[in-house]
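Each chain is listed here by its residues.
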Amino acid sequence: MVARRAASSFLSRRGLLLPRPPADSLLRADSARRSLPGAVYRFSTAPAATADEEPIKPPVEVKYTQLLINGNFVDAASGRTFPTVDPRTGEVIARVAEGDAEDIDRAVAAARRAFDEGPWPRMTAYERCRVLLRFADLMERHNDEIAALESWDGGKPLEQSAGGEVPMAARCMRYYAGWADKIHGMVVPADGPHHVQVLREPIGVAGQIIPWNFPLLMFAWKVGPALACGNAVVLKTAEQTPLSALYVASLLHEAGLPDGVLNVVPGFGPTAGAALCSHMGVDKLAFTGSTGTGKIILELAARSNLKPVTLELGGKSPFIVMDDADVDQAVELAHRALFFNQGQCCCAGSRTFVHESVYDEFVEKSKARAQRRVVGDPFKKGVEQGPQIDGQQFKKILGYVKSGVDSGATLVTGGERVGSRGFYIQPTVFADVEDEMKIAQEEIFGPIQSILKFREVGEVVRRANATQYGLAAGVFTRSLDTANAVARALRVGTVWVNCYDVFDAAIPFGGYKMSGVGREKGAYSLGNYLQTKAVVAPLRDPAWL
């Protein structure tokens, strides 16, 4: 089916090097309220309505649950599998092959052969371009199946997956297909009779670890530039969301990718993830996930073969509303900046700084907007917010709600579970939040908006920068001078002015400080997958230098 156009764009996260709890432990959260997640809820001060609807059956069949190694779907060497769980219910969708160190060895060996001996890096760049373009066409043709897998496995609204993420992933692949035959070196002058070439060569075997919150987009962000440059890839999916990556990997081979160039190994961080990061046959690592895990990856890379590492990590992004802002527009933008994807975004505008002159109005209108937010089965039309990814994240978010209340912040709305099964949480707004509170310091990764008050520009810039993170920020103002001054003062990788979560394939993305190392997307990501080589030869009786 022809893919729907994406008007704007979304974001990323998490392939943790932490074990996932067993499936039977994911449902031990409080179950005091009795309503089923098949219903759609709008929140208000009145009790939420209940319904006895069963969750909608996703319109897709799970076809691929094995490892992809050397062009074939195969069982794990150990024979083990693990459950991938429907966050609407906590029930198992399918059992997926559980890769470990032995499987990583097999995948790296296949990638090594494909790079050292296979046709992919030896093709003309235009031939690689055509394979990636065919892959993008296939993604669009299978838009609905891919989107259904993404929403079933991850809990995000189907309208978001089908209308935004699949088209964006296809667009990203087309972008890097276009780069394939435009990567080149140069000839540079030397102080003497020498011919000097600077070559840009593929780096080799790239190990990549993608997160659970945007698995399809992160597949495209990482695999696209790596393949365009002529590399081979071993990709570890997040254990929570392996299904969409396996499906689109099959399409990439249908498009003509040679065997062994892309290998996909679902598994857990301490086994498959650690083995990939430590492997002496891997030439480069790329990871999206938590800052703590990023530190572990850097350490493993250094202890092995000192492979270069690209990291896109955590965030606690400020969203700054100036006193001249249109409050209604600012409320809506701040709401989307925080609650998009159930709040499970590394660049979520999770510290909403509002000028004191409009603070009370902003809080009241933010409360009303949160209470209008539609929560329910992500396969139901009109739903804005589905369930959180799993029981572990669900409990963590409710723990932050308790922390906010205990620390003295005002719980304006929300803060409770929805239904008796699945991992649904009410859209939650806190006011009177202070900088030192846990909810203002730590990355929550859930639907909790923290609203802080400020008085003047210099103060809010200082407070916005007073964090270990530096991924993104938003500034809402009518003043061009204020926008320019604040944008330059903020120590972050992306500043959105009077907009938020705008992602184009050409716009680089990454963070300052402990939000990461390097950039993804755009021309900037190509350098992550290329080596630079200087070739110097003498010139005999040159006509010119």
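Residues numbered from 1 in each chain as written. Predicted model: local features only at pLDDT ≥ 70, side-chain atom pairs only at ≥ 80, totals over all residues. Heavy atoms only, no water.

Remarks on the domain arrangement of the chain
Selection rule: Domain ranges listed in this record stem from an automatic or a database domain assignment. Contact definition: two residues touch when any of their heavy atoms are within 4.5 Å. The term buried area means the drop in 1.4 Å probe accessible area that two parts suffer when joined, counted for both and summed. In protein, a polar contact requires one atom able to donate a hydrogen and another able to accept it; more generally it is a pair of N or O atoms within 3.5 Å, and residues adjacent in sequence count only if both atoms are side-chain atoms. Here a helix means four or more residues in a row that DSSP labels H or I, a strand means two or more in a row labelled E, and each is numbered from the N terminus. Residues are grouped as follows: Ala, Val, Leu, Ile, Met, Phe, Trp, Tyr, Cys and Pro are nonpolar; Asp, Glu, Lys and Arg are charged; all remaining types, including Gly, are polar.
Here the chain is described as being made up of domain 1 (65–312 + 517–529) and domain 2 (316–503). A separation of 31 Å is found between the C-alpha centroids of domain 1 and domain 2. Counting residues at the interface gives 27 residues for domain 1 and 29 residues for domain 2. For the pair domain 1 and domain 2, the summed buried surface comes to about 2100 Å²; carbon and sulfur atoms form 60% of the total. Here domain 1 and domain 2 share seven residue pairs in polar contact (both at pLDDT 80 or more) between them. For the side of domain 1 that touches domain 2, the secondary-structure elements that each account for two or more residues are helix H3 (143–154) and helix H4 (158–179). Each residue belonging to the side of domain 1 that touches domain 2 can be placed in one class, and the counts come to nine nonpolar, ten polar and eight charged.

Re H3
Which entries qualify depends on this criterion: Residue count minus one, scaled by 1.5 Å, sets the expected span of a helix. Only protein chains enter the accessibility calculation, which uses a 1.4 Å probe; a residue is then buried when its area is under 20% of its type maximum, exposed when over 50%, and partly exposed in between.
Its twelve residues give H3 an end-to-end C-alpha distance of 16 Å, which sits within 8% of 16 Å, the value for a rise of 1.5 Å per residue. When you tally the buried positions in H3, you get ten out of twelve residues, the bulk of the element. Of the residues making up H3, those classed as buried are Asn143, Ile146, Ala147, Ala148, Leu149, Glu150, Ser151, Trp152, Asp153 and Gly154. At its buried positions, H3 is contacted by strand E4 (81–86), strand E5 (91–97), helix H2 (125–141), H4, helix H5 (215–228) and helix H6 (243–254). Positive backbone phi, approximately 85°, marks glycine 155, located one or two places after H3.

Observations regarding the nonpolar core
Stated precisely, the cut-off is as follows: For this analysis, a nonpolar core means a set of buried residues of the types Ala, Val, Leu, Ile, Met, Phe, Trp, Tyr and Cys, connected via side-chain atoms within 4.5 Å.
Ranked by internal contacts, the top residues of the largest apolar core, which has 105 residues, are Phe135, Phe219, Leu227, Leu262 and Phe362. The contact partners of phenylalanine 135, leaving out residues within four places of it in the chain, are Met173, Phe219, Val248, Leu251, Leu252 and Ala255. Among the nonpolar cores identified, the runner-up in size contains 28 residues, and Leu67, Ala232, Val234 and Ile297 belong to it.

Describing the packing of aromatic side chains
Put simply, the rule reads: We call Phe, Tyr and Trp rings a pair once their centres come within 6.5 Å, taking the six-membered ring for Trp, and we label the pair stacked below 30 degrees between planes, edge-to-face above 60, and tilted otherwise. For a lysine, the NZ atom is tested; for an arginine, the CZ atom; a charge sits over a ring if that atom is within 6 Å of the ring centre and within 35 degrees of the ring normal.
Scanning all chains against the criterion turns up 14 aromatic pairs. When the centroid spacing of 6.4 Å and the interplanar angle of 55° are considered together, the rings of phenylalanine 135 and phenylalanine 219 count as tilted. Taken together, the residues span a long stretch of sequence, with phenylalanine 135 in helix H2 and phenylalanine 219 in helix H5 at a distance of 84 residues. According to the relative accessible area criterion, phenylalanine 135 is buried, its value standing at 0%. The structure contains a cluster of three or more aromatic residues connected by ring pairs, namely Trp221, Phe319, Trp496, Tyr500, Phe503 and Phe509. It is lysine 284 that lies over the ring of tyrosine 529; its NZ or CZ is 5.7 Å from the centre. Lying across the ring of tyrosine 400, lysine 438 places its NZ or CZ 5.4 Å from the centre.

Considerations on the UniProt feature "active site" (unreviewed entry) in the chain
Stated formally: UniProt positions are given in the numbering used here, feature names are shortened, and annotations may be inferred rather than shown by experiment.
What UniProt calls "active site" (unreviewed entry) maps, in this numbering, to Glu312. Examined against the element boundaries, glutamate 312 turns out to sit in strand E12 (residues 309–312).

Structural notes on the pattern of salt bridges
What counts here: Think of a salt bridge as a Lys or Arg side-chain nitrogen and an Asp or Glu carboxyl oxygen that are within 4 Å of each other.
Taken as a whole and judged by the stated rule, the model has 29 salt bridges. A salt bridge links glutamate 332 to arginine 336, with the shortest nitrogen-to-oxygen separation between them at 2.8 Å. With glutamate 332 and arginine 336 both in helix H9 (residues 327–339), this residue pair falls four residues apart, about one helical turn. Given the relative accessible area of 52%, arginine 336 is considered exposed.

Examining the UniProt feature "domain: Aldehyde dehydrogenase" (unreviewed entry) in the chain
Residues annotated in UniProt with the feature "domain: Aldehyde dehydrogenase" (unreviewed entry) correspond here to residues 73–535. End C-alpha atoms of residues 73–535 are separated by 41 Å, and the span's content is 39% helix alongside 21% strand.

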